[in-house]
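# What the coordinates show
Now for the letters of each chain:
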Amino acid sequence: MWGGRFAAGPASIMREINASIPFDKRLWKQDIAGSKAHVAMLARQGIVSQADADAISAGLDTIAAEYEASGVPVNLDLEDIHMVTESRLAELIGPVAGRLHTARSRNDQVATDFRLWVRDAIDEVEAGLIGLQRALVARAQDHADAVMPGFTHLQSAQPVTLGHHLMAYYEMVRRDRSRFADARARLNECPLGAAALAGTGFPTDRHMTAAALGFVKPTDNSLDSVSDRDFALDYLMAATQASLHLSRLAEEFIIWASQPFGFVKLPDAYSTGSSIMPQKRNPDAAELVRGHAGRIMGCMTALCMTMKGLPLAYSKDMQDDKPPVFEAHDLLALSIAAMTGMVETVTFRTDRMRGLAESGFATATDLADWLVREGGIPFREAHHITGRAVAAAEEAGVPLDQLPLDRLKAIDDRLDDRVYAVLTVDASVASRKSHGGTAPDQVRARIAQAKEELG
C-alpha cells in the first residue's frame, strides 16, 4: 500500500500497533455497503465505466458472502477492514479493483462505516429498551395497587404502590430512548466523498451516496467530516445514562432480594448458588449489570480523553475510537436483556412489602396534611405535632393508626377520630391523586398512556 513512498516495510511492532483489523472487522457489512454505494455513484458520474462498476459490485457481493459464511480473515499486514476487503477484491477481479478507491480516502471511508455501525447499534438498543418498557408496564399493571414502602435516604418515607415504583423506571427508559433518538438524528449525515480532508477534484455526487446509504444529507465540511467523532461520543453518553438507570434497577433488586428486605424472589435463571453455602441464592445477574455500568462509563471517558486534544483533521489516535464503542454496546445489550428478563420473571412478595409499609410510620405526612386541612393550621406547626405523635407511637410500640385517641388528643386536642381514616397505607396511597402521583387510579392512567406510546 505504501510502496511508492517507503523503501522498507514497517517494523514488527509497528505492524502490530498499526493494525485495527482485529476489531474493525465488525464494520464489514457497513464497509461493503459504503463501497457499493460509492462505486455506483462513480459509474453514474462517468468517473469509472459501468462495466468496471458492475465487476466491482459483484466482487463485493462475493466477499460479503464469504465474510458471512467464514468471518473476516485477520491479516495484520493489510491493517484494517478496508484494505482486507480491497485486497480480496483484487484477488477476485484483478486490477480493476483499484478503481474502487477513486475519489475517496480511508478517512472518509471509516467515518462513514462507523456512522453506519453506530446507527445500526442505536436501532438495536431502541428495540431492547422498548422490550424493557413493555416488561415494566406489564408488571406495573399487575401491581398497580400493591402497597410498598417508598423510601428517601433508604428510610421508610411514604407508602407508594409497586406499580408506581416500576413505572418510575419506565420514565427513565423513555428518556434513554429519547437520547438515543437525538444521537441518531445528529449522526445521520454522510461523510463519504470528503476524501482525506479537503474533498475531491472528481465530479462526485455526494447526495447520491448519502441517499443510497439512508443518510438525510451529506456532511457540509470535509475537514469536520473526517475528524468528527461526536456521533460516537453521543452514543456512549446515551449508553452511559441508560446503564446508570439499569444499574439503579439492578441495585433495587439486589437489596429487595436480601433477607432483611425480602421484597422479591429472583428467578433461578438469573441467580447463582454458592460453592460452599448451599442455602445461597445470589443475584449475580443484577450485580453484573451494576458492574457493567462502570465499564460503560469507562468507555465513554476513554473516548473523551482520546478526542480532547486532537487538531484537525484525522489523527491515528482516532483508530482507538471503535473498541470502546463496541465494548459499551455489547455490555449495554447484555444489561438490557438481563434486566428485561428479571423484570418479566421476578416474584414480588407484596405481602412483605405491605407489612413493612405499615410498620414504619409511613403515614405521618398524611397526619400532618389532615391537620392542615381540618385544623387550618400552618404545615410547619402540623409537622411538629405529627412528630410528637410519631414519638408517642414509637414509645407505645404501635403504628400511628393504632395509637389511642386519648394519646393523640393529649398531643393536640384538635385531633379527633376522623384522623384514623387517613392513617392506613391504603388511604394514604389512594389520596395521592395529583398528576403523576401514586394513587392506583393515577398509576393505571399512566400505564394506559404508556401502552399507547409503545403501540
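Sequence order sets the numbering: in each chain, residues are counted from 1 along the sequence as written. At least 70 in pLDDT is required for a residue's local features to be given in this predicted model, at least 80 for side-chain atom pairs to be given and counted, and no such filter applies to totals for whole chains, interfaces and linings, which use all residues. Side-chain numbers come from the whole structure's heavy atoms, not from hydrogens or water.

The name given to the protein in an unreviewed UniProt entry is Argininosuccinate lyase, with the source organism recorded as Sphingobium soli. UniProt positions are given in the numbering used here, feature names are shortened, and annotations may be inferred rather than shown by experiment. Under the UniProt heading Catalytic activity (unreviewed entry), the note attached to the protein is "2-(N(omega)-L-arginino)succinate = fumarate + L-arginine".

The next thing to look at is helix α3 (residues 28-44). Residues that lie three or four places apart on an α-helix share one face, since the helix turns once every 3.6 residues. With 17 residues, α3 extends 24 Å between its outermost C-alpha atoms, agreeing within 8% with the 24 Å of an ideal straight helix rising 1.5 Å per residue. Residue burial is assigned from relative accessible area. The probe radius is 1.4 Å, only protein chains are included, and a residue is buried under 20% of its type maximum, exposed over 50%, and partly exposed in between. The secondary structure listing takes helices from DSSP runs of H or I that are at least 4 residues long and strands from runs of E that are at least 2 residues long, numbered from the N terminus. Restricting attention to buried positions, one finds in α3 the residues Trp 28, Gln 30, Asp 31, Ile 32, Gly 34, Ser 35, Ala 37, His 38, Val 39, Met 41, Leu 42 and Ala 43. Contacts between residues were defined by any pair of non-hydrogen atoms, one from each residue, lying within 4.5 Å. Packed against the buried residues of α3 are α2 (21-24), α4 (50-70), α5 (81-93), α6 (106-142) and α8 (206-212). Two residues or fewer past α3, Gly 46 is found with a positive phi of approximately 75 degrees. The span expected for a helix works out to 1.5 Å for each residue beyond the first.

Geometrically, a packed helix pair is captured by the angle between its two axes and the distance between the axes. At a minimum axis distance of 9 Å, the contact between α4 and α5 shows a crossing angle of 115 degrees. In the crossing of α4 with α5, the sense of the turn from one axis to the other is right-handed. Taken together, the residues of α5 that come into contact with α4 (itself represented by Ala 55, Ile 56, Gly 59, Leu 60, Thr 62, Ile 63, Glu 66 and Tyr 67) are Ile 81, Val 84, Thr 85, Arg 88, Leu 89, Leu 92 and Ile 93. Each residue receives one of three labels: charged for Asp, Glu, Lys and Arg, nonpolar for Ala, Val, Leu, Ile, Met, Phe, Trp, Tyr, Cys and Pro, and polar for the others, Gly being one of them. For the contact of α4 with α5, the residue count by class is ten nonpolar, three polar and two charged. Axes here refer to lines fitted to C-alpha atoms; in helices the fit is confined to the stretch in contact. Angles between the N-to-C directions go from 0 to 180 degrees. Two helices cross in a left-handed way if the nearer one is turned anticlockwise from the farther one by less than a right angle. They cross in a right-handed way if the turn is clockwise.

Listed under "domain: Argininosuccinate lyase C-terminal" (unreviewed entry) in the UniProt record, and renumbered for this structure, are residues 361-430. Helix makes up 61% of residues 361-430 and strand makes up 0%, while its end C-alpha atoms are separated by 17 Å.

Unoccupied space between atoms shows up once a probe the size of one water molecule is rolled over them. In the cavity and pocket records, a cavity denotes points on a 1 Å grid over the protein atoms alone where a 1.4 Å probe fits but cannot get out, a pocket denotes an open set with protein on both sides within 12 Å along at least 5 of 7 lines, and lining residues are residues with an atom within 4 Å of a point. Grid points are joined across faces, edges and corners, and a volume is the space filled by probe spheres set on the points. Here the largest pocket is characterised by a volume of approximately 600 Å³. If you trace the largest pocket, you find 26 residues lining it, with His 164, His 165, Met 167, Ala 168 and Tyr 169 closest to the centre. Counting only elements with at least two residues in the lining of the largest pocket, the list comes to β1 (147-152), α7 (162-187), α10 (230-257) and α18 (440-454). In terms of residue count, α7 provides more of the lining of the largest pocket than any other element does, seven residues in total. Of the residues contributing to the lining of the largest pocket, the split by class is eleven nonpolar, ten polar and five charged.

As a packed pair, α3 and α5 sit with axes 10 Å apart at the nearest point and diverge in direction by 60 degrees. One way to sum up the angle between α3 and α5 is to call them oblique. For the pair α3 and α5, the crossing hand works out as right-handed. On α5, the residues that touch Trp 28, Asp 31 and Ile 32 of α3 are Ile 81, His 82 and Thr 85. Here the contact of α3 with α5 is built from residues that sort into three nonpolar, two polar and one charged. In this scheme, roughly parallel covers angles under 35 degrees and roughly antiparallel covers those over 145, while 65 to 115 is roughly perpendicular and the rest are oblique.

With that out of the way, let us pick up the side chain of Ser 105. With respect to the element layout, Ser 105 can be found in the loop between α5 and α6. Overall, Ser 105 belongs to the buried group, its relative accessible area being 13%. Residues within four places of Ser 105 in sequence aside, it is in contact with Ala 195 and Ala 196.

This paragraph deals with empty space enclosed by the protein. Evaluation of the coordinates by the stated rule reveals three cavities of 30 Å³ or more. Lining the largest cavity, in full, are Asp 31, Ser 35, Leu 60, His 82, Thr 85, Glu 86, Leu 89, Leu 100, His 101, Arg 104 and Gln 109. Among the secondary structure elements, those contributing two or more residues to the lining of the largest cavity are α3 and α5. In terms of residue count, α5 provides more of the lining of the largest cavity than any other element does, four residues in total. Grouping the amino acids of the lining of the largest cavity by side-chain chemistry returns three nonpolar, five polar and three charged. In this structure, the second largest cavity encloses a volume near 40 Å³. Lining of the second largest cavity is provided by Leu 132, Leu 136, Tyr 169, Met 172, Val 173, His 245, Leu 246 and Leu 249. When contributions to the lining of the second largest cavity are tallied by element, the ones reaching two or more residues are α6, α7 and α10.

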